[in-house]
Amino acid sequence: MSCILNIETSTAVCSAALSLDGKVIYNRFSFEGQSHASLIGVYIEGAISEAKKREIHIDAVAVSSGPGSYTGLRIGVSIAKGLCFGSGIPLIAVPTLEIMATTVLSQNKVEDCSMYCAMLDARRMEVYASIFDPSLHPVLPTSDEIVDGDTFASYLSQGKVCFFGNGAAKCKAIIDSSNAIFLDDIHPLAENMVQLSEKAFAAGKFENVAYFEPFYLKEFHATIAKNKVLGK
């Protein structure tokens, strides 16, 4: 029996969910934005209280690992690492774009797509994107893409591609293909992390709590370091 606390703060949505053997037994979320610092602690306290009430031990903490908002990821990962340090339990990292793809596939949003492209807004005409096949195997690993009419042409030539996430809006007016399908209101949520965090827990796929950093933080620090070297 495994009990996992799932934390998701990579976008404007803030959420936490407690799962027991792959089933959600506690779930809280907010779409208000800019309130992660005040809300996530309350949600986690509620999850811990629920575990105590059921007399079960939390076995691991899973956190969305990005890409995403620098501030949001920093809050979520810091709290997750603190819980793991304090309780001596393992840390699980779940890629944000994979959470979104799992959401679409589990809800059978589009049945005849050959590929699923999860996208998060970066800046200007850039997005973080990852493409998956119907079995959730990565076709395109998470990458920073500049969106133009040809960005995903090679994938669209192979069949229907489903685009979703807050970065997909940039593509609607630019990608002109009958194979492009756009879905609205797909957000990374803690309750949709459960399948992935349970799989990682069963496989013993844990992170080094002391050194783990999410995707966006690594990219952020690498950019700062590069600019310092170049004198920018």
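A short tour of the structure in this document, coming up.

## Concerning helix α1 (residues 36-53)
Step number 1: If you check α1, its first and last C-alpha atoms are 25 Å apart, about what 18 residues at 1.5 Å a residue would give, namely 26 Å.
Step number 2: Listed in full, the buried residues belonging to α1 are H36, L39, I40, Y43, I44, A47, E50 and A51. The arc enclosing the buried residues of α1, seen along the axis, measures out at 130°, which places them on a common side. Of the exposed residues in α1, the ones pointing more than 90 degrees away from its buried face are A37, S38, E45, K52 and K53.
Step number 3: On the buried face of α1, the contacting elements are β1 (3-8), β2 (14-20), β3 (23-30) and α2 (70-87).
Step number 4: E55 occupies a position one or two residues after α1 and carries a positive phi of about 60°.

## Here we look at the side chain of E126
Step number 1: Here E126 shows up in strand β7 (residues 126-132).
Step number 2: Here E126 falls in the buried class, since its relative accessible area comes to 17%.
Step number 3: Filtering out sequence-adjacent residues up to four positions away, E126 remains in contact with D121, D144, E145, I146 and K170.

## Points about the sheet that holds strand β9 (residues 161-164)
Step number 1: The five strands are arranged β8-β7-β6-β9-β10 in an open sheet whose pairing can be described as mixed. Strands with a single pairing partner mark the edges of an open sheet, and in this sheet they are β8 (138-146) and β10 (180-182). The average angle at which neighbouring strand axes cross in this sheet is 20°, direction not considered.
Step number 2: Pairing of strand β6 (residues 115-123) with β7, which is carried by seven bridges, proceeds in the antiparallel orientation. Bridged to A118 within β7 is S130.
Step number 3: Sheet strands in contact with helix α3 (residues 96-106) are β6, β7, β8 and β9, and its direction is about 135° off that of β6.

## What to know about the layout of surface pockets
Step number 1: Size it by volume and the largest pocket reaches roughly 530 Å³.
Step number 2: Secondary structure elements with two or more residues in the lining of the largest pocket: β5 (91-94), α6 (194-203) and α7 (215-230).
Step number 3: Broken down by class, the residue content of the lining of the largest pocket amounts to 13 nonpolar, six polar and six charged.

## Concerning the packing of aromatic side chains
The description of two aromatic rings rests on the distance between their centres and on the angle between their planes.
Step number 1: Scanning the entire structure with this criterion turns up five aromatic pairs.
Step number 2: Judged by centre distance (5.4 Å) and plane angle (90°), the rings of Y128 and F215 are edge-to-face. With Y128 in strand β7 and F215 in helix α7, this residue pair connects regions lying 87 residues apart in the sequence.
Step number 3: According to the relative accessible area criterion, Y128 is buried, its value standing at 5%.
Step number 4: Every member of this aromatic cluster is reached through a ring pair, and the members are F152, F163 and F182.

## Let's talk about the sheet that holds β2
Step number 1: On the basis of which strands lie adjacent, the open sheet formed by five strands has the order β3-β2-β1-β4-β5 and mixed pairing. The sheet is open, and its two borders are formed by β3 and β5, each paired with just one other strand. On average, each strand axis in the sheet is tilted by 15° relative to the strand beside it, whichever way the strands run.
Step number 2: As paired strands, strand β4 (residues 60-64) and β5 are joined by four bridges and run parallel to one another. Across the sheet, S64 pairs through a bridge with V94, a residue of β5.

Basis of the calculations
- Just so you know, the residues in each chain are numbered from 1, in the order the chain's sequence is written.
- Only residues with pLDDT of 70 or above have their local features reported here, since the model is predicted, and side-chain atom pairs are shown and tallied only from 80 upward, although totals for entire chains, interfaces and linings are computed over all residues.
- Side-chain measures were taken over the full set of non-hydrogen atoms in the model, leaving aside hydrogen atoms and water.
- Numbering of helices and strands runs from the N terminus, with a helix taken as a DSSP run of H or I at least four residues long and a strand as a DSSP run of E at least two residues long.
- Multiplying 1.5 Å by the residue count of a helix minus one yields the expected span of that helix.
- Buried means the residue's accessible area, taken with a 1.4 Å probe over protein chains only, is under 20% of the maximum for its type, while exposed means over 50%, and partly exposed covers the values in between.
- Note that the arc is defined by the directions from the helix axis to the C-beta atoms.
- In what follows, residue pairs with any heavy atoms lying within 4.5 Å of each other are defined as contacts.
- Two strands qualify as a pair provided that DSSP identifies no fewer than 2 bridges between them.
- Structural elements are reduced to axes, namely lines fitted to C-alpha atoms, with helices fitted over the stretch in contact, and the angle between N-to-C directions of any two is expressed from 0 to 180 degrees.
- With a 1 Å grid spanning the protein atoms alone, the term cavity applies to any set of points in which a 1.4 Å probe fits but cannot get out, the term pocket to an open set with protein on both sides within 12 Å along at least five of seven lines, and the term lining residue to any residue with an atom within 4 Å of a point.
- Grid points are joined across faces, edges and corners, and a volume is the space filled by probe spheres set on the points.
- Just so you know the grouping, Ala, Val, Leu, Ile, Met, Phe, Trp, Tyr, Cys and Pro go in nonpolar, Asp, Glu, Lys and Arg go in charged, and all remaining residues, Gly too, go in polar.
- Stacked, tilted and edge-to-face pairs are distinguished by plane angle, under 30 degrees for stacked and over 60 for edge-to-face with tilted covering the rest, among Phe, Tyr and Trp rings (Trp via its six-membered ring) whose centres lie within 6.5 Å.

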